[in-house]
Amino acid sequence: MSPAKNEKTNVMRILDQKKIPYTPHFYEHADGLIDAVSVAEKLGQPPEQVFKTLVTRGSGKGYFVFIVPAKEELDLKAAARAAGQKSIEMIHVSEINAVTGYIRGGCSPIGMKKLYPTILDESALGCPSIMVSAGKIGAQVELSPKDLLAVARAKTAPIAVRREEGQP
């Protein structure tokens, strides 16, 4: 079932409240293909402009949010450096809702339960706009990277590494 075009998510309401311009995008997800590359294909967007939100735990046990392009992976060493941690590890999928308030596939860097330190891959600055989850499966928001940095109180760093061809 696809979301109604006028169905606002909490992410959209936050952006409206802060008067940040964005464009909502909706996609069909009944096929279960909700990874960032599939979302980019469904929306006809270049995968370098569709970003996925990854939640990690640092060596100091705090949580950190990283936002990387669809076809790229988080470089854990670069992420740890950017976060000022000895190491970073992905949290288990079963922890996502408790930590963020979102579910896997609908995790947005905007409007999490708490404002965690957030780092956007620096490649986003070369794009006029980028897309991130609107907080639920089937919905994305497109906004300028600078607006995302402001609303998520994020910074940029080189944290993404190109996925090897043939890897899922």
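In the block above lies the structure referred to throughout.
Residues numbered from 1 in each chain as written. Predicted model: local features only at pLDDT ≥ 70, side-chain atom pairs only at ≥ 80, totals over all residues. Heavy atoms only, no water.

**Things to note about the sheet that holds strand E1 (residues 23–26)**
Read across the sheet, three strands follow the order E1-E8-E7 without closing on themselves; strand pairing throughout is antiparallel. Bordering the open sheet on either side are E1 and strand E7 (130–133), each of which pairs with just one other strand. Across this sheet, the average inter-strand angle for adjacent strands is 30 degrees, counted without regard to direction. In this sheet, strand E8 (residues 139–143) lies alongside E1 in antiparallel orientation, the contact comprising four bridges. Among the inter-strand pairings, Phe26 is bridged to a residue of E8, identified as Ala139. (Pairing = 2+ DSSP bridges. Helix = DSSP H or I, 4+ residues; strand = E, 2+ residues; numbered from the N terminus. Axes fitted to C-alpha atoms, helices over the stretch in contact; angles between N-to-C directions.)

**Regarding the pairing of strand E2 (residues 51–58)**
Of all eight residues making up E2, eight are buried, and the element is well covered by its neighbours. Burial along E2 is two-sided: the face carrying Phe51, Thr53, Val55 and Arg57 and the face carrying Lys52, Leu54, Thr56 and Gly58 are both buried. When E2 meets strand E3 (residues 63–69), the two strands line up antiparallel, connected through seven bridges. Looking at the pairing, Val55 lines up with Val65 of E3. (Buried < 20%, exposed > 50% of the residue type's maximum accessible area, 1.4 Å probe, protein only.)

**Section: the nonpolar core**
Ranked by internal contacts, the top residues of the largest apolar core, which has 32 residues, are Leu15, Leu120, Val141, Leu143 and Leu148. Among the secondary structure elements, those contributing two or more residues to this core are helix H1 (10–17), E2, E3, helix H4 (96–100), E7, E8 and helix H5 (145–151). Ignoring sequence-local partners within four residues, the contact set of Leu143 consists of Leu15, Ile20, Pro21, Tyr22, Ser129, Ile130, Val132 and Leu148. The next biggest cluster of nonpolar side chains, apart from the first, holds 13 residues, and it includes Phe64, Leu74, Ala80 and Ile88. (Core = buried A, V, L, I, M, F, W, Y, C linked by side-chain atoms within 4.5 Å. Contact = heavy atoms within 4.5 Å.)

**Quick look at the packing of aromatic side chains**
What the rule picks out here adds up to one aromatic pair. Between the aromatic rings of Tyr63 and Tyr116, the centroid separation amounts to 5.6 Å while the plane-to-plane angle is 70 degrees, which identifies the pairing as edge-to-face. Of this pair, Tyr63 sits in strand E3 while Tyr116 sits in the loop between H4 and strand E6 (118–121), and the two are 53 residues apart along the sequence. (Phe/Tyr/Trp six-rings, centres within 6.5 Å; stacked < 30°, edge-to-face > 60°.)

**A closer look at the sheet that holds E6**
An order of E5-E2-E3-E6-E9 is seen for the five strands of this open sheet, with the pairing classed as mixed. Looking at which strands have only one partner, the edges of the open sheet turn out to be strand E5 (88–90) and strand E9 (155–157). Strand-to-strand, the axes of this sheet are offset by a mean angle of 35 degrees, without reference to chain direction. Bridge count for E2 against E5 is three bridges, and the pairing is antiparallel. Pairing of Gly58 across the sheet is with Ile88, part of E5.

**Side note on the pattern of salt bridges**
In the structure shown here, the tally under the stated rule is six salt bridges. A salt bridge links Asp31 to Lys42; its shortest N-O distance comes to 2.7 Å. A residue pair is termed long-range when its members are at least 10 positions apart, and Asp31 in the loop between E1 and helix H2 (36–43) and Lys42 in helix H2 qualify at 11 residues. For Lys42, a relative accessible area of 30% puts it in the partly exposed group. Close ionic contact of Glu73 with Lys52 constitutes a salt bridge, the shortest N to O distance being 3.8 Å. (Salt bridge = Lys/Arg side-chain N within 4 Å of Asp/Glu carboxyl O.)

**What to know about the environment of Ser87**
Here Ser87 is to be found in the loop between helix H3 (76–83) and E5. Classification of Ser87 by relative accessible area gives partly exposed; the value is 38%. Separated by 41 residues in the primary sequence, Ser87 and Pro46 have C-alpha atoms spaced 31 Å apart. The residues contacting Ser87, other than those within four sequence positions of it, are Arg57, Gly58, Ser59 and Ala80.

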